[in-house]
Amino acid sequence: MKKILKFSLVLAIALTAINAHATGVDFLLKVKNEQGKKITFAINEGSKVTLTIYDANDKLINTEELNSKGLISRTYDLNALPEGTYFLETESELKVAKYEISVVGKIASLSETPISIVYKPIFVTKNGLVSVSILNIDKAPVEIKIYDADSNEVYKSAVLTDQKVSKYFNFNETELKNYTFVMSYDDKTFTKNFK
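Residues numbered from 1 in each chain as written. Predicted model: local features only at pLDDT ≥ 70, side-chain atom pairs only at ≥ 80, totals over all residues. Heavy atoms only, no water.

Explanation requested: the overall build of the protein chain in the structure shown.
Helix and strand counts for the protein chain stand at one helix and 16 strands. In the protein chain, which comprises 195 residues, the share counted as buried stands at 38%. Partitioning the contacts of the protein chain with sequence separation of at least 6, the portion at a separation of at least 24 is 52%. Accessible surface computed for the protein chain: about 11,300 Å², of which carbon and sulfur atoms make up 50%. (Helix = DSSP H or I, 4+ residues; strand = E, 2+ residues; numbered from the N terminus. Buried < 20%, exposed > 50% of the residue type's maximum accessible area, 1.4 Å probe, protein only. Contact = heavy atoms within 4.5 Å. Areas by Shrake-Rupley, 256 points an atom, 1.4 Å probe, with all protein chains shown as cover.)

Structure follows, in structure tokens:
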């Protein structure tokens, strides 16, 4: 009974953290200026952020990983790109945000607000118990699968469309030593390995 109470307390703290991150910002992208086909922006409060630029057909154009606790400023020269729509994706530990880049003539512009935000799943583990929580703002269909070490599917959830998805798993009564969670929603797939 004490284990269940302790796990419940840890889970309550994790859910509170999810709500805090939903209302707060783990990074802030601010467009600073635009000159010709150059886009300049700043990212604040991000300790580890991956920036990816790709075209409308999902062709990768550029990617870089940034590690900083302070303000990061970046300028990208897009002169080599033809007219069209491109996307800048920023990925932090908590979420993936997608911004639109428009290249028209000799001008490139970056949207100040994201066109989509996908929050990553949060896991809490304690003594063989695992909880997974997903903040599903758009109520997109969520599917959770678990695979064993041999890549055999051992669990598949129903399609979940709640705004806050929470599932609990007890691995104390199974023979699984290594397992992988795969969560799919909002055109993203997230994996988490456990031993």
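What follows picks up the thread again.
Could you clarify how one ought to interpret the pairing of strand 2 (residues 38-44) in this entry?
Remember that side chains alternate between the two faces of the sheet whenever the strand is regular. Counting buried positions along strand 2 yields five of seven residues, so the element is predominantly enclosed. When strand 2 meets strand 5 (residues 72-77), the two strands line up antiparallel, connected through six bridges. Counted as the bridge partner of I39 is Y76 from strand 5. (Pairing = 2+ DSSP bridges.)

What should I look at first to understand the sheet that holds strand 12 (residues 143-148) in this one?
The strands making up a sheet associate through hydrogen bonds between their backbones, and the pairing can be parallel or antiparallel. What the four strands build is an open sheet, ordered 13-12-15-16; its pairing is antiparallel. The open sheet has two edge strands with one neighbour each: strand 13 (153-156) and strand 16 (188-194). Averaged over all neighbouring strand pairs, the angle between strand axes comes to 20 degrees, with direction disregarded. Pairing geometry for strand 12 and strand 13, over three bridges, is antiparallel. Within strand 13, the residue paired with Y147 across the bridge is E153. (Axes fitted to C-alpha atoms, helices over the stretch in contact; angles between N-to-C directions.)

What exactly am I supposed to notice about unusual backbone geometry here?
Among all residues except glycine, the phi angle is most often negative; among peptide bonds, the trans geometry is most common. Within the chain, D58 stands out as a residue other than glycine whose phi angle is a positive 65 degrees. Along the chain, D58 falls in the loop between strand 3 (48-55) and strand 4 (60-67). Positive phi, normally seen in glycine, also occurs at D187, with a value near 60 degrees. Tracing the backbone through its elements, the reader meets D187 in the loop between strand 15 (179-185) and strand 16. Residue classification places D187 among the exposed residues on the basis of a relative accessible area of 85%.

Explain the pattern of salt bridges here, please?
A side chain of one charge can pair with a side chain of the opposite charge if their charged atoms are brought near each other. This structure, assessed with the given rule, holds seven salt bridges. Here E65 makes a salt bridge to K48, at a shortest N to O gap of 3.9 Å. Pair noted here: E65 is in strand 4 and K48 is in strand 3, with a separation of 17 residues, a long-range link. With a closest N to O distance of 3.2 Å, R74 and E64 form a salt bridge. Of the two residues, R74 sits in strand 5 while E64 sits in strand 4, which places them ten residues apart along the sequence. When its relative accessible area of 25% is taken as the criterion, R74 is described as partly exposed. Accessibility expressed as a relative area gives 22% for E64, which makes it partly exposed. (Salt bridge = Lys/Arg side-chain N within 4 Å of Asp/Glu carboxyl O.)

Would you mind showing me how to read the packing of aromatic side chains here?
Given two aromatic rings, one states the distance between the centres and the angle between the planes to describe the pair. A complete count under the given rule lists 13 aromatic pairs for this structure. Consider the rings of Y155 and F169, whose centres lie 5.1 Å apart with planes at 80 degrees: the pair is edge-to-face. Here Y155, found in strand 13, pairs with F169, found in strand 14 (residues 164-170); they are 14 residues apart in sequence, far enough to count as distant. Ring centres of F171 and F181 lie 6.2 Å apart, and the angle between their planes is 75 degrees; on these two criteria the pair is classed as edge-to-face. On the criterion of sequence distance, the pair formed by F171 in the loop between strand 14 and strand 15 and F181 in strand 15 is long-range, its members being ten residues apart. Side by side, F171 and F181 carry an identical accessibility label, which is buried. The ring of F87 has K98 sitting right over it, with the charged end atom 4.6 Å from the ring centre. Taking the ring centre of F194 as reference, the NZ or CZ of K192 above it sits at 5.9 Å. (Phe/Tyr/Trp six-rings, centres within 6.5 Å; stacked < 30°, edge-to-face > 60°. Lys NZ or Arg CZ within 6 Å of the ring centre and 35° of its normal.)

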